[in-house]
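The chain contents come next:
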Amino acid sequence: MKILKLSAILILMLLATGQIYSQNMDAEKEAVKSVMKNYKNAMQNLTTKGTFELFAKDSHIFESGGVEGSYANYIEHHIGPELGHFNKFEYSDYKIEVQVDAPYAFTTETYIYTIVTKPDENSESKTIKKKGVATSVLKKIDGNWKIIKMHSSSRTPKK
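A brief report on the enclosed structure follows. Bear in mind that the values here come from a model prediction, so they are computed numbers and not experimental data. (Residues numbered from 1 in each chain as written. Predicted model: local features only at pLDDT ≥ 70, side-chain atom pairs only at ≥ 80, totals over all residues. Heavy atoms only, no water.)

1. Structural notes on the sheet that holds strand β1 (residues 55–63)
Inference 1: Judged by pairing direction, the sheet is mixed, and its six strands sit side by side in the order β2-β1-β6-β5-β4-β3 without closing on themselves. Two strands in the sheet have a free side with no partner beyond their single neighbour: β2 (66–69) and β3 (86–101). Taking each pair of neighbouring strands and ignoring which way they run, the sheet shows an average axis angle of 20 degrees.
Inference 2: Pairing of strand β4 (residues 104–117) with strand β5 (residues 127–141), which is carried by 13 bridges, proceeds in the antiparallel orientation. Bridged to Ala105 within β5 is Leu138.
Inference 3: Lying over the sheet, helix α2 (residues 71–83) contacts β1, β2 and β3, oriented at roughly 55 degrees with respect to β1. (Pairing = 2+ DSSP bridges. Helix = DSSP H or I, 4+ residues; strand = E, 2+ residues; numbered from the N terminus. Axes fitted to C-alpha atoms, helices over the stretch in contact; angles between N-to-C directions. Contact = heavy atoms within 4.5 Å.)

Here you go:
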């Protein structure tokens, strides 16, 4: 009888802690999604303002076969100057998958992005539409999720 009572107590404890763990994991996934959403929102707003705190200082960025270096380097030498040439940068059909294995989290994002450039000297702008995928590794640092690695690639959508 004692074994039955002890077994029942252990099962109840496991169920209770399992629910707490599940709720905590849901909160962690939402926090990771928020980091990724804040980055996408900044790009759509054509700014890098507020994005540096989303990345670890020793982050690594890889884009379409290129090694961009740290996020600071990526901003200074790649996406930062490019944003100044855009009238629009928009994501659509956005989906994200998140896996948390603390202290790390892993994301896979799929999307379509559309860029409309500012008119050139001939008053012509270009529209670029690509299907993209990005994978990122985040680490919880000082209580906040930070992107430590990001890799993205794109191609012209099939018709």
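From this point on, the discussion continues.
2. Quick word on the packing of aromatic side chains
Inference 1: Inspection of every chain in the model, using the stated rule, returns 10 aromatic pairs.
Inference 2: Each ring, one from Phe55 and one from Tyr71, has its centre 3.7 Å from the other, and the planes form 5 degrees; the classification is stacked. With Phe55 in strand β1 and Tyr71 in helix α2, this residue pair connects regions lying 16 residues apart in the sequence. Across the pair, Tyr71 and Phe55 agree in class, each one buried. (Phe/Tyr/Trp six-rings, centres within 6.5 Å; stacked < 30°, edge-to-face > 60°. Buried < 20%, exposed > 50% of the residue type's maximum accessible area, 1.4 Å probe, protein only.)

3. Regarding the pattern of salt bridges
Inference 1: One pass over the full model with this rule turns up four salt bridges.
Inference 2: Lys140 is the salt-bridge partner of Glu28, the closest N and O atoms lying 2.8 Å from each other. With a gap of 112 residues between them, Glu28 in helix α1 (residues 2–44) and Lys140 in strand β5 connect regions that are remote in the sequence.
Inference 3: Among the residues examined, Lys140 registers a relative accessible area of 31% and is labelled partly exposed.
Inference 4: The partner of Glu109 in a salt bridge is Lys40, with the nearest N and O atoms 3.3 Å apart. Of this pair, Glu109 sits in strand β4 while Lys40 sits in helix α1, and the two are 69 residues apart along the sequence. (Salt bridge = Lys/Arg side-chain N within 4 Å of Asp/Glu carboxyl O.)

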